[in-house]
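Residue-level structure breakdown
If you want the building blocks of each chain, they are given just below.
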Amino acid sequence: MDDLTVRQASRAYNEKNDALAFFSLGTNFLVYFGSLYLAIQAANLGLWWLYAPLVVVVAVSSGRLYVLEHDFGHLSFFSKKRWNVLAGHAVSPFTLAEFYTMQYNHDEHHRQIGNLEHREAGEIFTMTVREWNEAGFWKRLYYRLYRNPFVLIPLGAFYTYFLVWRFPKNTMKVAPKSVLIHNIVLFAWWGLVYLLAGWTGVLTIWLSVFIAGCLGVFLVYLQHNFEDTYWDRRPDLSFDQAALQGASCLSFGTWFDEAVANITKHDIHHLNASIPCYKLRQAHRELEDIFPLRRISFREALHAFTLKLWDEETDQLVPFPKERQMAAAPTPAE
């Protein structure tokens, strides 16, 4: 596959549709506030069977707002830079992510994708087999816990959303005043909810944030952690190969794509971040008719959580050594 040709072909989808963009953002806010109001009312009436799915709707809609904020950061959602920046600040109290630091850190992630020498720029850290073999007991234990999905997803969601994003990486370098203002606005928003709906409202928001965080960590892991992903070192590192091979296209269905604003089409997004999210599904569908782009099924995605280390000899993400030996061991004859 000629990656340059794919990149060139992808530029046909760069054009922004402001009417569609405003409609997407407006309906997202409508779903968020509507489901939040209904969830609070359901809790006040003791209708827990209704409250639970409504909180999930609040969570998904707030998670979707984060994907839109991510597009604002790339200046790829609206046709005008000013609109993207204003929208990024407007959604940040509902995503908990301050806009400027999110934009800077995510741009760093794009610049260093697939680069083994700058893994700190990735959302999920990956250790190599060599590093694992050289690591001591405590480092291995920490990494085992870190890569365990039952630890990574819930604790990662809480740690990232509620703690790390209050003072994000590179805050002092990028926008300390903006982070301070963002946190003040965030707590003011929660305070307003408390005045209007009491602790029921605040706890509903916090619960939805946690659920959205779990969904976010789940997706972030799968976007770059799968068996035949891509890592390399300079000078052999290829940005285009890292984008197309090192980022996934998750094939979970149209409804799921819409719920997460097509962030599932992560390979094309990394190849060309100027494509607005509302065109990513179309872009991927039409480009894969011409180029052999890969999709990952839900079953393959679940298998990806068993893969922990990057093997530089085989260029594959692999399980921990003991699990690899057990999987490779021949079955005793009966």
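These notes cover the structure that comes with them.

So, how was this worked out
Residues numbered from 1 in each chain as written. Predicted model: local features only at pLDDT ≥ 70, side-chain atom pairs only at ≥ 80, totals over all residues. Heavy atoms only, no water. 1 Å grid on protein atoms, 1.4 Å probe; cavity = no way out; pocket = protein on both sides within 12 Å on 5 of 7 lines; lining within 4 Å. Points joined across faces, edges and corners; volume = space filled by probe spheres on them. Helix = DSSP H or I, 4+ residues; strand = E, 2+ residues; numbered from the N terminus. Nonpolar A, V, L, I, M, F, W, Y, C, P; charged D, E, K, R; others polar. Pairing = 2+ DSSP bridges. Buried < 20%, exposed > 50% of the residue type's maximum accessible area, 1.4 Å probe, protein only. Salt bridge = Lys/Arg side-chain N within 4 Å of Asp/Glu carboxyl O.

A volume near 1300 Å³ is recorded for the largest pocket. Around the largest pocket, the lining is made up of 44 residues, and of these Glu-123, Ile-124, Thr-160, Trp-165 and Val-220 lie nearest the centre. Listed by contribution, the elements that provide at least two residues to the lining of the largest pocket are α3 (48-73), α5 (99-111), α7 (137-147), α8 (149-163) and α10 (176-224). With eight residues, the top contributor of residues to the lining of the largest pocket is α10. Tallied by class, the residues present in the lining of the largest pocket amount to 26 nonpolar, 13 polar and five charged.

Let us now look at the sheet that holds strand β2 (residues 309-311). The strand order across the open sheet built from three strands is β1-β2-β3, with neighbouring strands paired in mixed fashion. Sheet topology places β1 (127-128) and β3 (316-318) at the edges, where each strand pairs with a single neighbour. Note: β2 against β3, three bridges, orientation antiparallel. Paired with Asp-311 across the strands is Gln-316, a residue of β3.

Here Arg-111 lies in helix α5. Of the residues examined, Arg-111 reaches a relative accessible area of 44% and is grouped as partly exposed. Linking Arg-111 and His-270, residues 159 residues apart in sequence, is a C-alpha distance of 9.6 Å.

What follows deals with the pattern of salt bridges. Scanning the entire structure with this criterion turns up 12 salt bridges. The closest approach of N and O atoms between Arg-111 and Glu-108, which form a salt bridge, is 2.5 Å. In this pair, Arg-111 and Glu-108 are both assigned in helix α5, three residues apart and thus about one turn of the helix distant. Judged by relative accessible area, which is 23%, Glu-108 ranks as partly exposed. Where Glu-258 meets Arg-281, a salt bridge forms, and the shortest distance between an N and an O atom there is 3.4 Å. Taken together, the residues Glu-258 in helix α12 (residues 254-259) and Arg-281 in helix α14 (residues 277-287) connect sequence positions 23 residues apart. Taking relative accessible area as the criterion, Glu-258 reaches 38% and is therefore assigned partly exposed. Salt bridges here are not isolated pairs; linked through shared partners, they connect Arg-64, Asp-257, Glu-258, Lys-265 and Arg-281.

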